[in-house]
Amino acid sequence: MEIANLPISPSQRAKLLSAGYTTLTSLSAVSPFQLARDLNIALQEASDILKVMPEFTRSESLHGGNAILKGAQTAWDMLSEEQMQKHITTGCENLDTILGGGIHCKEVTEVGGVPGIGKTQLGIQLAVNVQIPVEYGGLHGKAVYIDTEGSFMVERAHQIAEGCIMDMLDKFRHHQKVILACQEQMQPNSFLANIFYFRICSYTEQIAVINYLGKFLAEQKDVKIIIIDSVTFHFRQDFDDLARRTRVLSGMSLELMKLAKTYNLAVVLLNQVTTKFTEGSFQLTLALGDSWSHACTNRVILYWNGNDRHAYIDKSPSLRSASAPFSVTSKGIRNATSQCKRVRMM
Amino acid sequence: MANKLISQMGLPPSVANVFAARNILTAKDALSLPEFELMTLLGMGLDQVKSAVERISEITCPPYQTALSLMEDRVRLGGHLPTLLRGLDDALCGGIPFGALTELVGPSGIGKTQFCLKLSLLAALPSCYGGLNGRVIYIDTESKFSSRRMVEIGENSFPQIFQSEGMAQQMAGRIIVVRLTSLPEFTERLQQLKLTLIQHDVKLLVVDSMAALVSGGNDTRTAGPKQHLLRWPLSFLKSLAEFSRIPVVVTNQVRSQSSNEAFHYPFQGKEKDSSKNFERLESHLIAALGIQWAHAVTIRLVFEAYSGQKFIKVAKSPMSPARAFPFIVESSGISLLNDDGFKVMGREINTIRFQGHNILEQ
Amino acid sequence: MAEFNEPRSKATASVSSSGNPTSFLSRASKCAKTLEEGNRSLSDDAGFAQVQPMMEDWHQPWLNGVELLEDSNRNKHFLPTGYEGIDVLLGGGLCEGQLTEIVGSSSSGKTQVCLYSAAHVADKHFGVVMFLDTCNSFSPKRIACMVDQLSSSFSGEAKERRLKRIMSNIFCHSIFDIFALLDVLHQLEFNLKHQVTSGHTKICLLIIDSISSLLTPVLGGKGSEGRLLMVSAGIILKKLANEHNVSVLVTNHMVGGEGGILKPALGESWKSIPHVRLQLTHDQGSNICNVSILKHTFMASGRTTKFVIHG
C-alpha cells in the first residue's frame, strides 16, 4: 500500500513523498519525532499522520486467532444471527409475505409510487409498528421520522397508533397476562412519544441530519427504524450540478447503509416517481436516476392495479420478485378488502 | 439553518480559517460537497474533515421533536382552517391544515375560485364567529377575483356579521389581492411576502391559479408546461406555509391527456394494454401541473362533474381515506349536498371528469 | 508499486523499494544522514552501496514465458460459478489470478451471480470465499437457499452439515468507504503473505459487491485524486489476484450516458483494469438472464449466452 492511498491531506502527502516515504512499510518503524524532523512539521501533526496508518502495520503482534480478516464474519454466523432477527410488520399480511416477514433490519429499503398511493401512510405505519412491545411479537423499538416534505400528519399517526393498539388487543384477547403487562405502553400517546420527528427544509439539512444521526443513535439506543419521507424532494428541487448530485447522493446512501448495519436498524426511504422515455414510450420510474437505483438493498414499488393498490418487489438480493395487494384503511395499512389470496410470485 | 456560517460553529480556529480561505462559508457550501472533495479542496486529512463535517452537521441539523410534543403543539396552536363544510372538515380532521400546501384541481368554471373566496372570508372573520381573525393574501393570476361575489357570499353565509355596520368593509379590507401575470413577477413577490406574512398577521395565502403562471395564459391544453420553472416557487411556498404556520391554498387547472403520458412501470409489461385504452376513454383530463407537482402538495382536492352532479374528492391526503362529496354552488358559495359523502374505490379518486360540459368549447 | 518484502534490519526499515528511484535515493541519503548524526560516519556513496543489493533482492524475480505458462498451469485454475452458461462462456469459470467485472443495471442479477458463485466455489473447492459488501446485499439466507438447491440429493443431516461447512467458508465484511476498502485489501495482502508459511485455508475468491458504489462519491471532482484512488484499488486487486492466485470478482453498475443509452459507471480509466468484463441484462418478468463478454484477455468479446436464476 502506498502513501497516496492514506487518508491524509495532499500537502502532507507531498511532504512525505518528497522526504522519501513512499510506502507504508517505510513509515512503520518511524517515530513521530523522526517524522516531524524529516518533514519539518509539528510533532502533533506527525503523530496524527502515524495515527491514520492501518493498525496492523503498526502492531507487530499480528496473529491473534485465525481470522482471515479482522471484522469479517462467516456466512454461517450471519445466518444464525439473521434467524434470530425479528422483522417490522407492515400491518398487511400479504405485504409481509412477499417481504419475507416484514421490513428487515440492517437493510435499506426504498419505497416508491405515484402521488396518493400511500407512501407516507406506509411510513407512518412503520413508525408505529416498530414500537409493538416484545410481548406482542414486536421489536419494541423507537422510530426516527425525517420529514422533508411536511407531509407527516400527527393526527394521522395518532389514528394509526389507535388502530394498531386495537388490533393487537384483539389478537391477544385471550392472553390477559400480556395485556396487563403492557398496559402502559399500549397507549397512543406513548407510541407518539417514541417517534423522533425531524423536519428538513433543504438538502443541506438533509445531509446534515444523516451525518448527525450516528451520534444521535449512539445516545438513543432503541431506535430500530429510520424513515425518510421523501429522500427525493430537496435534491430534485434545488440541486443544479447533476454530476455532483450523484456523488453526494451516493455518499449519503453509503452513510445510510453504514447506519443500518452498525445500529442494526431498518432504513426506509420513500421516493417519488417520474416519467422516463425508454424504448419508444414514456414509462414511470423512480426518481433520482440510474445511479441511485443501486443505492438501496431492496426496492418496493407501490402501484395501482386496476382499482387495487399493489406492492411489487422490484429489486432485492434475497426476495423473489412478487406482488401483493394492500389497502389503506382508517386504521392504517391492512390487507386488501376483497379477501381472495392474490399474492403473485413472478 | 443551511446558511449558517461555518466561522460561528466553534470549529478549531485553524480549521475554520482553512474553510474561510477556500471560500466555503456556509453549511450549505460545505455539505454539498462529498467528503472526499473537501479533503482535496481544503488540503486536510480524512479525520480532520470528518470531525469538521460532523460538527457542522450537528449544528446545521434542526432539532427534533417527538410526535407527541408535535401533537400537543397542534392542540395548543390550533391546526386547521375549518371550511364549514362539515363532511369535508371531518375527512380532513378539522379543515385545511396549517403549515401545508393544499391544492384544488378542476376544470374551469366548476367552483374552485368560489371555494377560495369562501376560505378567504373564513380566515378574515373574527374568531368569535369561527374565523381566524387575520389577513389574507390572495394572489390572483387570472383576474378572476371579484369583491362583489365575495361580499355576496359573505352576506349569504354570515348574514349577522355582514348586516352590522362597517363589517363588510372591514372584512373586505383584510383581504389583500395581488394581481400578477408572469412567473418571474410571482417569484419576486414571493420573496417579499415572507416578511409581510409575519408583520401583518396573515392567516391564509391563496394562489389562484398556479397553472396559469406556468403555461402563460389559458393555453393549458397543450401538453408539457415548463415544470422546472416551478421548482423554486414550489419549495418556497412550502417553506412559507411551514414557517408562518398558515394554510396555503393553490389552484391547478386541467388539460387533456396527451399521448406521451406514462401510467405504467416497465415491470407491468404489456398485459395492461386493454385496460389502458379503457382508462384513456374514462379520464381524458389530467391536472395541468405534472407528477412532480403532485408529489409535492400535501392535500389534493379534485373538483369534477359527471351525471349532472358536481363532486369534491379528497384525492390525496395523509389523513383521509378517499371520499367524494356531491356539492352545489349557491349564492352563499359551495355547499355540500351530503355530509357523509361516499367512499371512492381505487384509482378512480384521481380521475377528473367533466361530463356534460365540453371543456374544449368553453 | 508497493513494498515487496519485509525490511531486514532496523536501519533500512524506513527504506523500501519503490518505482520511484529519485525519492528512493533521497530517502537513502537521508538515512545515511541520520546515521551520520548518530556518530557513525558513512558517506552517501557507502549508504547507496549498502542499499543497492537490497533493491535487487526486493525486486520481483524476472520470469520468462515458459515459467509464466508453468505458473498459470499450476496455480491459475478456473473456478466454476455454477451457472453453466457463464462457465461455458468463460471457458471454465472465473480464472484465478484475474480480475473479473460484472456490469449491469439495477436488479439485473449481479448480486445473484456473486452469491451463487460464492456458494458454489465454497462448496466445490474447499477454499475460502471473501465477500466485501457495500450495499448490505449479502444475504446468508439466500445463500442457504441456494445451497439447498445445490444439494437436493443429500438427506437431512448430511444436508445440515454440508450447509454449515459451506457457510463457514464464506466470510463477509461490510465496507462503506474507499479508504476502508484499501485498508482491508492491504490487510488481506499482509495476511495472505503470512499464510504461505502458516498454511491456512487459502482464499480463492474475493468478491466486491459493488465496487462502483464506493468509487462514485470520490470520482469526478475537480482533482484527479479520486481517479488515483480508483486506479490504485484496481492495482492492489490485480496484485492480490496474481500473487496469491485469487480470483477477484467485482460488480459495477450502469448509468445513463448520452442519448439515454446505459453505459457502465466508472469511466475510461477503470475500463482498462479488469481482465474480463461481463455484462448482465435481465428480461422483465422472467428469470432468464443474458450475459455477454464485453472484454476478455484471451477470448473473443461480444459472445452472449443465457442462464437461469432460480427463485
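As the structure is a computational prediction, the values presented were derived from the model and not from experiment.

A.B. asks: So, the overall build of chain A: which residues are in play, and what are the values?
C.D. replies: Helices and strands together make up the secondary structure of chain A, namely 15 helices and 13 strands. If one aligns the C-alpha atoms of chain A with their principal axes, the spans along those axes are about 75 × 60 × 40 Å. In chain A, which comprises 346 residues, the share counted as buried stands at 55%.

A.B. asks: Outline the pairing of strand S2 (residues 108-113) of chain A, supporting the account with residue identities and numerical values.
C.D. replies: Remark: a regular strand shows side chains that alternate across the two faces of the sheet. Residues and elements named next belong to chain A. Counting buried positions along S2 gives six out of six residues, so the element sits mostly inside the fold. A two-sided burial pattern is seen for S2, the buried positions comprising Val108, Glu110 and Gly112 on one face and Thr109, Val111 and Gly113 on the other. For S2 and strand S6 (residues 266-271), the ladder comprises five bridges, and the chain directions are parallel. For Val111, the partnering residue across the bridge sits in S6 and is Leu270. Pairing geometry for S2 and strand S9 (residues 298-305), over five bridges, is parallel.

A.B. asks: Lay out helix H4 (residues 46-60) of chain B with the relevant residues and their values.
C.D. replies: The end-to-end C-alpha distance of H4 of chain B, which contains 15 residues, comes to 20 Å, matching closely the 21 Å that a straight helix rising 1.5 Å per residue would cover. Listed as buried for H4 of chain B are Gln48, Val49, Ala52, Ile56, Ser57 and Thr60 of chain B. Relative to the axis of H4 of chain B, the buried residues are bounded by an arc of 160° and lie together on one face. Where H4 of chain B is buried, its residues touch helix H12 (203-219) of chain A together with helix H1 (13-21), helix H2 (27-31) and helix H3 (35-42) of chain B.

A.B. asks: Could you give an account of the pairing of strand S11 (residues 322-329) of chain A, naming the residues involved and the relevant values?
C.D. replies: All names here are of chain A. Where strand S10 (residues 308-315) and S11 come together, four bridges link them in antiparallel fashion. Following the sheet pairing, Tyr312 is matched in S11 by Ser323. Linking two consecutive strands that pair antiparallel, namely S10 and S11, is a turn of six residues. Both S11 and strand S12 (residues 332-335) contribute to a ladder of four bridges, which runs antiparallel.

A.B. asks: Lay out the UniProt feature "domain: RecA family profile" (unreviewed entry) in chain A with the relevant residues and their values.
C.D. replies: According to UniProt, the feature "domain: RecA family profile" (unreviewed entry) maps to residues 84-273 of chain A in the numbering used here. Counting secondary structure, residues 84-273 of chain A comes out at 48% helix and 16% strand; the distance between its end C-alpha atoms is 35 Å.

A.B. asks: Tell me about the domain arrangement of chain A, residues and numbers included.
C.D. replies: According to the domain assignment, chain A contains domain 1 (3-58) and domain 2 (79-345). Relative placement of domain 1 of chain A and domain 2 of chain A: their C-alpha centres are 45 Å apart.

A.B. asks: I'd like a rundown of the nonpolar core, residues and numbers included.
C.D. replies: Inside soluble globular proteins, nonpolar side chains tend to come together where they are buried. One finds Ile225 of chain A together with Ala118, Val129, Leu205 and Ile207 of chain C to be the most contacted residues of the largest nonpolar core, which totals 276 residues. Contact partners of Ala118 of chain C, with chain neighbours within four places excluded, come to Val129, Phe131, Ile143, Ile170, Leu205 and Ile207 of chain C. Within the second largest apolar cluster, 10 residues are counted, among which are Ile3, Leu6, Leu35 and Ile49 of chain A.

A.B. asks: Explain the environment of Gly226 of chain C to me, using residue names and the numbers behind them.
C.D. replies: Its place among the elements puts Gly226 of chain C in helix H11 (residues 225-244). When the C-alpha atoms of Gly226 of chain C and Thr216 of chain C are compared, they prove to be 9.1 Å apart, with 10 residues separating the residues in sequence.

A.B. asks: Explain the confidence of the model for chain A to me, using residue names and the numbers behind them.
C.D. replies: On average, residues of chain A score 84 in pLDDT, and 92% of them are at 70 or above. Segment residues 58-66 of chain A: pLDDT under 50, and five contacts once partners within four positions in sequence are set aside and those in other chains are kept.

A.B. asks: Describe in detail the packing of helix H9 (residues 154-171) of chain A against helix H5 (residues 67-77) of chain B, supporting the description with residues and values.
C.D. replies: Helix-helix packing is described using two parameters, namely the angle between the two axes and the distance between the axes. Where H9 of chain A contacts H5 of chain B, the axes come no closer than 9 Å and their chain directions differ by 120°. Taken together, the axes of H9 of chain A and H5 of chain B are oblique relative to one another. H9 of chain A and H5 of chain B meet at a crossing whose hand is left-handed. Note on element contacts: H5 of chain B touches H9 of chain A through Ala67, Leu70, Met71 and Arg74 of chain B, opposite Val154, Ala157 and His158 of chain A. Residue composition of the contact of H9 of chain A with H5 of chain B, by class: five nonpolar, one polar and one charged.

Conventions we followed
Residues numbered from 1 in each chain as written. Chains lettered and ligands numbered in written order. Predicted model: local features only at pLDDT ≥ 70, side-chain atom pairs only at ≥ 80, totals over all residues. Helix = DSSP H or I, 4+ residues; strand = E, 2+ residues; numbered from the N terminus. Buried ≥ 20, exposed ≤ 12 C-beta atoms within 10 Å, placed from the backbone. Pairing = 2+ DSSP bridges. Expected span 1.5 Å × (residues − 1). Arc of directions from axis to C-beta. Contact = placed C-beta atoms within 7 Å. UniProt positions renumbered as here; feature names shortened; annotations may be inferred. Domains from an automatic or database assignment. Core = buried A, V, L, I, M, F, W, Y, C linked by C-beta atoms within 7 Å. pLDDT = per-residue confidence, 0-100. Axes fitted to C-alpha atoms, helices over the stretch in contact; angles between N-to-C directions. Parallel < 35°, antiparallel > 145°, perpendicular 65-115°, else oblique. Left-handed = near helix turned anticlockwise from the far one by under 90°. Nonpolar A, V, L, I, M, F, W, Y, C, P; charged D, E, K, R; others polar.

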